[in-house]
Structure formats: structure tokens, C-alpha cells
Amino acid sequence: AQAISAQGGSRFESIPPPNIRDMEPGAQTIGLVQPNAMAAPSTDDDGSMPFSGCGICCSCIPAGSVGVVQQFGKFQGYMEPGMNMYCPCIQSVQMVSLAVRQIECYTECKTKDNATMTVRTAIQYRVNKTRVKQAVFEIDNPEAQIRAAVDNVVRSSIPSMDLDDAYSNKDTLCSEILKSVKDAMHPYGYSITNVLVTDLSPDKALLQAMNAQLAARRQREAAIEQGEAQKVLQVKAAEADAEAKFLAGQGMARMRTAIADGFKDSMKSMSDGGLDPREAMHMMITTQYLDTLKDFANNPNHSSIMVPHGPGAVKDIEAQVRDGFISASAMKPGQQKMK
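Keep in mind the model is a prediction, meaning the values are calculated, not measured.

J.: I'd like a description of the packing of aromatic side chains, backed by residues and values.
T.: All told, the structure shown has two aromatic pairs when counted by the stated rule. Between Phe75 and Phe137, the aromatic rings sit 5.9 Å apart at their centres with planes inclined by 65°, giving edge-to-face as the arrangement. Of the two residues, Phe75 sits in strand β5 (residues 74-79) while Phe137 sits in helix α1 (residues 132-137), which places them 62 residues apart along the sequence. A relative accessible area of 13% places Phe75 in the buried class.

Shown next as C-alpha cells:
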């Protein structure tokens, strides 16, 4: 570069090249390419920004994923699903899925009452799109770290509970695991969506003892209920028997009253017919005896008893009945009472 003096003389001076940073944006040379002009770098160290550069090749990002863009190994941003442009010579695109994934953790621990058990926990997590840089570059083997966080919470919570409390406080345990794991994995770009305690498995010997204890308890309750049922049946049967005997007694009393009334009417009719009381009694006894023999002969159970049946049997029965009446009439009123 040359500079000409005002006196007309010429003098050559060295002028340094212009600084591109000091030039106005419109006066910059078109042929020069600014560093990192293909992408707008992230101004937030914690968050990841979408990639806004251009290029000569396209990259198709499927739905449910993002593309992590690196330029000369440096993170530039992430591509949204769809077709995106980039320069393959200086940039690379890495697919990262945003779908929810699940891992299962098996933690062996001991309860407050020294019961050994295995807790199976299901952790559902996904990559946070706005922190995809941390999820890809700042953590290695996130599943192992999630399992370690779960084991830490479970082994610090279960020892403070009895075995029965561990079964009844599953929701509390899930809440504690979710809060702890979420706080631990959030700085690394992972969001914990849900935590489920899917199984609590005590030792086999302990499980058999628990089942035996439960079976014994159920059998005892069943025996108590069965005894109560038998008691109710016996009480009801006794009440029914008492009611039946009461009604049978009332029926027997009515029957005897009817028989006595019938005898009274028969004696009165026989007296009106000209028979004295002795002859009337003889006829009634004879009639009753013959009716009794007829009932035994027609008995459907084919049972029989031995009774006098000779020619003088009726006379003997009559004599016995008559002697009984005479003896009763001869007794004094004070002697008729039973002691």
C-alpha cells in the first residue's frame, strides 16, 4: 500500500491489513468465511439450542429423535425431526432417540425385622431434548448410574420398615425413588418420568413361613366360624324341638280332653239306654280292647306285642280295671295325693 504526501513527493509506508473484526458488517470481504458461520453457537452452557446452519447435504431425522450436530468435534446444536442441511466434510450428525425407555433394578435389602427380600423396581426415563448435549457428551452408561441411585434409596428406606410396612408403603417408596433419581439425573439431560415398585420378594423360606402362618390363621378363623355355625344349628334345633314338644303336649292334652268328653257322653247315652254304670264300663272296655287288637293287626310296620287273647282275657282286663276303680274309690282323699 502506498501513501502520497501533500508536497508532491512520494513516500512509501507499510500499512497493516484491515482487521475483519473491526470492519463494519457490510464492509467485510465477501470471499472470507467467518469461523462458525454455519451454525449459531449456544449462548447457554446448560441448555442445548437447535442447529440453524446450512450445508450442501441433507439429513433426515425420524420422528421421536433428534440429530446431534458436531463441527470438528465441537457440539453445535441439535436437528429437529425432518430434513436438515449440513456440511458432511466438517460436520457430523448423531441420532439420539427421545422415546421413553425402561430399565428394571433388582435390589437386595433387609427390613427392620431382619427379613431378607429383593425389591424389583421399574424406572421409566427419556432424554431431555433441551439438554441433549449433557446426555450425549457428559455422562457414560446412564443406566448404571440410575441403578446405583435406586439401590441407594431402597437400601436406605427399607431397613427402617417392617416387612408388613414395606408392602403397605410401596407408594411412599416410589415417591422417594422418583424424587432422588430425578434430581440425580436432571443435570445430565435425563428426565425420569415414572417409578414403579413391581415386586417385593422375600426369601423362599420366609415366604413359606408366611404362607404357613397365614394358612393357620385362616384355618383358625374357619374353625371358629364353623363352631359358631354348629352352635346356631344346635340352638335352633333345640328351639324347634321345644316348640314341637310344646305343641305336641297341647295336642295330647286336647286329645285327652276330647276322649274324656267322649267317655262322658257315651256313659250318659248308655245310662239313658237303660244300662247301669257297671255294664256301661264293661262295654266300653271291651270295645277299646277290640279296637286295640284291630290297630295292631293293621300296623304297617309289621310290629306286634303279646297281649292276652284267650276267652277270659277281656274278663280279666275288665276285672283289673274294675278293681283299680274300686281301690281308687276306697282310698282316702289325703292318700290320693302323690308324695
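J.: Account for the nonpolar core, with residues named and values stated.
T.: Counting residues in hydrophobic clusters, the biggest one holds 36 residues, and the most contacted among them are Ile123, Ile146 and Ile177. The residues contacting Ile177, other than those within four sequence positions of it, are Thr121, Ile123, Val150, Val153, Val154 and Val195. Phe51, Val69, Met79 and Tyr86 belong to the second largest nonpolar core, which has five residues in total.

J.: Give me the lowdown on the sheet that holds strand β8 (residues 101-110), citing residues and values where you can.
T.: With antiparallel pairing, the three strands of this open sheet are ordered in space as β8-β9-β10. Since the sheet does not close on itself, it has two edges, and those belong to β8 and β10 (190-202), each with one partner. The average undirected angle you get between the axes of adjacent strands in this sheet is 20°. Two strands pair when backbone bridges link them, and strand β9 (residues 116-127) and β10 are joined in this way by 11 bridges, in the antiparallel orientation. Counted as the bridge partner of Arg120 is Asp199 from β10. Lying on the sheet, helix α4 (residues 170-185) is in contact with β9 and β10; it crosses β10 at an angle near 145°.

J.: I'd like a rundown of unusual backbone geometry, residues and numbers included.
T.: Phi is positive for Asn114, which is not a glycine, with a value near 60°. As for its position among the elements, Asn114 is in the loop between β8 and β9. Residue Asn114 is classed as exposed on the basis of its relative accessible area, which comes to 60%.

J.: Give a description of the pattern of salt bridges that names residues and reports values.
T.: Applying the stated criterion across every chain, the model contains six salt bridges. In this structure, the salt-bridge partner of Lys179 is Asp183, at a minimum N-O distance of 3.4 Å. Taken together, the positions of Lys179 and Asp183, both in helix α4 and four residues apart, correspond to about one turn of that helix. The class of Lys179 is exposed, set by a relative accessible area of 57%.

J.: Any chance you could break down helix α2 (residues 142-157) for me, citing the residues and the numbers?
T.: Between its terminal C-alpha atoms α2 stretches 23 Å, which fits the 22 Å expected from 16 residues at 1.5 Å a residue. Of all the positions in α2, only Pro142, Ile146, Ala149, Val150, Asp151, Val153, Val154 and Ser157 are classed as buried. For α2, the secondary structure elements touched by its buried residues are β8, β9, α4 and β10.

J.: So what's going on with the sheet that holds β5? Residues and values would help.
T.: Taken together, three strands build an open sheet; the order of strands is β5-β4-β7 and the sheet is antiparallel. Two strands in the sheet have a free side with no partner beyond their single neighbour: β5 and β7 (91-97). The mean angle between the axes of side-by-side strands here comes to 25°, regardless of whether they run parallel or antiparallel. As paired elements, strand β4 (residues 65-71) and β7 share seven bridges and run antiparallel to each other. Bridge assignment links Val69 to a residue of β7, and that residue is Val93.

J.: Provide a residue-level description of the layout of surface pockets, including the pertinent values.
T.: Considering only enclosed or pocket space, the largest pocket measures out at about 220 Å³ in volume. Contributing to the lining of the largest pocket are Asp113, Asp162, Leu163, Asp164, Met210, Asn211, Gln213, Leu214 and Arg217. If one sorts the elements of the lining of the largest pocket by residue count, helix α5 (residues 204-272) sits on top with five residues. Tallied by class, the residues present in the lining of the largest pocket amount to three nonpolar, two polar and four charged.

J.: Lay out α5 in plain terms, naming residues and giving numbers.
T.: Look at α5: 100 Å from first C-alpha to last across 69 residues, which is about the 102 Å you get at 1.5 Å a residue. Sitting at the amino-terminal end of α5 is Asp203, which places a side-chain oxygen 3.3 Å from the backbone nitrogen of Ala205. Within two residues after α5, Gly274 carries a phi angle of roughly 105°, on the positive side.

J.: Just give me the short version of a negative patch on the surface, but keep the residues and values in it.
T.: A cluster of acidic residues, Asp113, Asp162, Asp164 and Asp165, forms a negative patch on the protein surface. Relative to the assigned elements, Asp165 resides in helix α3 (residues 163-168).

J.: Just give me the short version of the confidence of the model for the protein, but keep the residues and values in it.
T.: Averaged over all residues, the pLDDT of the protein equals 77, while 75% of them reach at least 70. Segment residues 1-44: pLDDT under 50, and 28 contacts once partners within four positions in sequence are set aside and those in other chains are kept. Counting interchain partners and residues more than four positions distant, the pLDDT-below-50 stretch residues 335-339 has two contacts.

Conventions we followed
- Along each chain, residues carry numbers from 1 onward, in the same order as the chain's sequence is written.
- With the structure being a predicted model, the display of local features is reserved for residues of pLDDT at least 70 and the display and counting of side-chain atom pairs for 80 or more, all residues being used for whole-chain, interface and lining totals.
- Each side-chain value is worked out from all heavy atoms of the structure, with water and hydrogens disregarded.
- Between the rings of Phe, Tyr and Trp (Trp by its six-membered ring), a pair exists once the centres lie within 6.5 Å; its type follows the angle of the planes, with under 30 degrees stacked, over 60 edge-to-face, and the other angles tilted.
- A helix here means a DSSP run of H or I that spans at least four residues, while a strand means a run of E at least two residues long, and both kinds are numbered starting from the N terminus.
- Residue exposure (1.4 Å probe, protein chains only): buried if accessible area is under 20% of the type maximum, exposed if over 50%, otherwise partly exposed.
- As used in this record, nonpolar core signifies buried Ala, Val, Leu, Ile, Met, Phe, Trp, Tyr and Cys residues forming a set joined through side-chain atoms within 4.5 Å.
- Should any heavy atoms of two residues lie within 4.5 Å, those residues are counted as being in contact.
- Should DSSP find at least two bridges between two strands, the strands are taken to pair.
- For helices, the fitted line uses only the C-alpha atoms of the stretch in contact; every axis is such a line through C-alpha atoms, and the angle between N-to-C directions lies from 0 to 180 degrees.
- Each reported salt bridge corresponds to a side-chain nitrogen of Lys or Arg within 4 Å of a carboxyl oxygen of Asp or Glu.
- By this rule the span expected of a helix is its residue count minus one, scaled by 1.5 Å.
- Both cavities and pockets are sets of points on a 1 Å grid over the protein atoms alone; in a cavity a 1.4 Å probe fits but cannot get out, in a pocket the set is open with protein on both sides within 12 Å along at least five of seven lines, and lining residues sit with an atom within 4 Å of a point.
- Grid points are joined across faces, edges and corners, and a volume is the space filled by probe spheres set on the points.
- Amino acids outside the nonpolar list (Ala, Val, Leu, Ile, Met, Phe, Trp, Tyr, Cys, Pro) and the charged list (Asp, Glu, Lys, Arg) are all regarded as polar, and Gly is one of them.
- In protein, a polar contact means a hydrogen-donor-capable atom and an acceptor-capable atom, both N or O and within 3.5 Å, with residues adjacent in sequence counting only if both atoms are side-chain atoms; elsewhere, any N or O pair within 3.5 Å suffices.
- Candidate patch residues must exceed 30% relative accessible area and have no salt bridge, after which like charges are joined if within 9 Å and Val, Leu, Ile, Met, Phe, Trp or Tyr side chains if within 5 Å.
- Only the protein chains shown count as cover for residues, and the accessible areas themselves come from Shrake-Rupley with a 1.4 Å probe.
- A positive count includes Lys and Arg, and a negative count includes Asp and Glu. His and the chain ends are not counted in either.
- In this description, the location of a charge corresponds to atom NZ of lysine, CZ of arginine, CG of aspartate or CD of glutamate.
- The quantity known as pLDDT measures the predictor's confidence residue by residue, on a range of 0 to 100.

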